[in-house]
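Chain residues, written in single-letter form:
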Amino acid sequence: MFLSNNPEDLKLLTLAKATMARSNSSSAAALRDNTGRTYVAIPVKSGEFEVDSLLAVLVVAKASSISGIEAIVVCGLEPAPSSISVIKSEDSGANLYLVGEADELISL
């Protein structure tokens, strides 16, 4: 388990937590691309279709034509292993964190 103290990752923590609270959602994710732009998303569900916050934030970022991922922070529900695999296949160098109970960033 690796804990991040990177100030830029801590900004993602703040964005993810604020998005989750503002939307009254069970989870949220914040992504920083390789140019420093940030994106946020919550889980999406419509009938049988369901996407967790990790994949939702990837879709939002990809819609803006990102070319790489520096880091993603997820708060609330832990993402599915399949979602983590998608992120790792998209950018194997991306740092992926889950927010712990004491607001620490735990590497996934």
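Remember, it's a predicted structure, so these values are computed and weren't measured experimentally.

*Asks:* What is the right way to look at the pattern of salt bridges in this model?
*Replies:* Pairing is possible between side chains that carry opposite charge, provided their charged atoms lie close to one another. Enumeration according to the criterion identifies 6 salt bridges in this entry. Note that K11 is salt-bridged to E8, the shortest N-O span being 3.1 Å. On the criterion of helical spacing, the pair formed by K11 and E8 is a turn pair, its members being 3 residues apart in helix α1 (residues 7-23). As a salt-bridge pair, D103 and K17 come within 2.8 Å of each other at their nearest N and O atoms. Taken together, the residues D103 in the loop between β7 (95-99) and β8 (105-107) and K17 in helix α1 connect sequence positions 86 residues apart. Each of D9, R32 and E70 takes part in one network of salt bridges that share partners.

Thresholds applied
Residues numbered from 1 in each chain as written. Predicted model: local features only at pLDDT ≥ 70, side-chain atom pairs only at ≥ 80, totals over all residues. Heavy atoms only, no water. Salt bridge = Lys/Arg side-chain N within 4 Å of Asp/Glu carboxyl O. Helix = DSSP H or I, 4+ residues; strand = E, 2+ residues; numbered from the N terminus.

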